[in-house]
Each structure stands twice: as C-alpha cells, then as structure tokens.
Amino acid sequence: MTAGINFYYGEDKIHYEVVRKEAKNKSRSDTLINEKSKPRKVVIKIHPDQRVVATAPIDASEEIIHDAIMKRARWIWQSLQDFTKQKDHVLPKRYVSGETQFYLGRRYVLKVITDAEANDGINSTVKLSRGKLNVELSQIDSELDSEKQAVLVKSLIDKWYKDKFTSVSRERVEALLHKASWVYSSPSIKLMTMKKQWGSCSIKGNLILNPHLIKAPKECIDYVILHELCHIAEHNHSENFWRLLTQVMPNWKEVKARLDGMAEFYLNE
C-alpha cells in the first residue's frame, strides 16, 4: 500500500510517499507484543527525480513514520536541494546542431541540415549515421525562423523516437515473456510520455511505457518491462513483488540505479 503525505521544512512544502512492507519471519503475536516496546524501522530514500519515499513495516503507525521523516527533515531538504542543483546543469534543449541526443544508451551528436545538403524531397527526415542523428529539413522547412524550426526539429525527433520504441518495446516484451511464466498472452503496449515514470501496468495487465526509454540501454528497458510484468502477478510493491522481480532479474538494483542516474538526461526535452 502506498500513500502520500506532506510536511514543511521552513517555507518549503515537501511531499513524501509511504510504502509499507511485511516484516520477514514476523508473526502477528510478535507484532502485538512489540507494538509499544520496539520502534518500527523506517527507511527513507531520496530519488534523483526528487521523490521522497519512506518504506516502513506494514504495522508501523503513521505517527512513527512521520516522526522518522521529521527527524531527518534537514537531510531530506538538503538532498532535494542537491538534486535540484544537479538538474540545473542540464540545460533545456534548443534542438540545434551540436547538441547531444541519446539512443539505446549511446550518445549521438545532433546535426540539423538546412542547406544544399538537405534532401530534395518534400518531407523532412531523421536518420542515424556515423555517430550523428541527422535531421534533414526540406527546402520549405529550412526557411522557417529559428524558433519555429526548433519546434519542428523537436517534433520530428519525438516522432522518430516513438516509431523506434514502438518496434523495440514489442521486441523486448516478446523476448522477456518466457521469464514471466504467470503471463499467458502478450500484453498490449501503449506509449505515453511521462515526466516522472518509466512505465505502469493497468489492472487488466496492459503495459504503459514511456517512449523516452528508447534513449536508455536495452538492459534498462528490460528492467522497466520486467518490473511492469511483475505487477501483473503482484499489484503493489509488496515483499512478494520485489522477490519476484529479483527472481527474473537478479541485478535489477544495479540496472535501476543506472537508469535513475541518467534520468535527468533522458527526460530532458
């Protein structure tokens, strides 16, 4: 079960999520005996996307969780400030030649061709070639002012990413289904651009994936897909869920850390 609560540090309002987990090898009678005598352990984690998550035993009271949060309020606030500063170094894209674009974990230099080298056809195109992501503009498009041209280049790249991910996501789901023995047929896949999520799974078992994932290595794409496939069997982040994910991808923590570490670059638009 996950819940969201707010607290204030100075004038800053900070939101945090609560994830409850069953304690390992703990009987109900033990819980009743130790309810008042032993404080519940609350683990607090700050994610690069600035989510604050408090993981607590399922029987921990809201007061105990909130007290744990408040005791570390300064550390939480400072961590959020640090992540904000890191994000400030990632400049918004201008969609001009020389910028970096990502595809399947590799960096490519964007080259916008607006001169005689551009294609002679009517439609502008996007192609990968020799370490570059080339956007070739038609004669008409190359005459747009810089602001309109940037909007056009972004839309062309976004469409190219979605088209590529439509194919890659289906390919990876099919390749991973043998690991998810509880899934009896290929789930439907919907692509949806999200600012803070890589994917989700509906109650009916349909997958929603963020097309920005096409910028990440295939192992990271596999992690998100397996994560969501595990939700078909376990609908929350229970102990059983994490156990199942570990069975199908033992190194998921390392892969997730790799994906989280690059999230601000992959999600930058």
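In what follows, the structure referred to is the one given above.
I will try to describe carefully the structure that is included in this document. Keep in mind that what you see is a predicted model, and the values were worked out from it rather than measured.

Digging into the sheet that holds strand β11 (residues 207–209)
- Read across the sheet, 3 strands follow the order β9-β11-β10 without closing on themselves; strand pairing throughout is mixed. Looking at strand neighbours, the two that pair on one side only are β9 (189–191) and β10 (199–201), the edges of this open sheet. The sheet shows a mean angle of 20° between the axes of neighbouring strands, taken without regard to direction.
- Where β10 meets β11, 3 bridges bridge the pair, whose relative direction is antiparallel. Looking at β11, one finds that Ser200 is bridged to Ile208.
- Most of the contacts of helix α4 (residues 146–176) go to β9, to which it runs at about 155°, and overall it touches β9 and β11.
- Running at roughly 20° to β10, helix α5 (residues 218–233) makes contact with β10 and β11 of the sheet.

A word on the nonpolar core
- Counting 51 residues, the largest nonpolar core has Val135, Ile157, Tyr223, Leu245 and Leu259 as the members making the most contacts within it.
- Mapped onto this core, the elements with two or more residues apiece are β5 (100–103), β6 (106–113), β8 (132–136), α4, β11, α5, α6 (239–248) and α7 (252–266).
- Looking at this core, the element that brings in the most residues is α4, giving 11 residues.
- If sequence neighbours within four positions are ignored, Ile157 has contacts with Tyr95, Gln101, Leu110, Val126, Leu133 and Val135.
- The next biggest cluster of nonpolar side chains, apart from the first, holds 18 residues, and it includes Val18, Ile46, Ala68 and Ile69.

Cut-off values and rules
- Residues numbered from 1 in each chain as written.
- Predicted model: local features only at pLDDT ≥ 70, side-chain atom pairs only at ≥ 80, totals over all residues.
- Heavy atoms only, no water.
- Pairing = 2+ DSSP bridges.
- Helix = DSSP H or I, 4+ residues; strand = E, 2+ residues; numbered from the N terminus.
- Axes fitted to C-alpha atoms, helices over the stretch in contact; angles between N-to-C directions.
- Contact = heavy atoms within 4.5 Å.
- Core = buried A, V, L, I, M, F, W, Y, C linked by side-chain atoms within 4.5 Å.
- Buried < 20%, exposed > 50% of the residue type's maximum accessible area, 1.4 Å probe, protein only.

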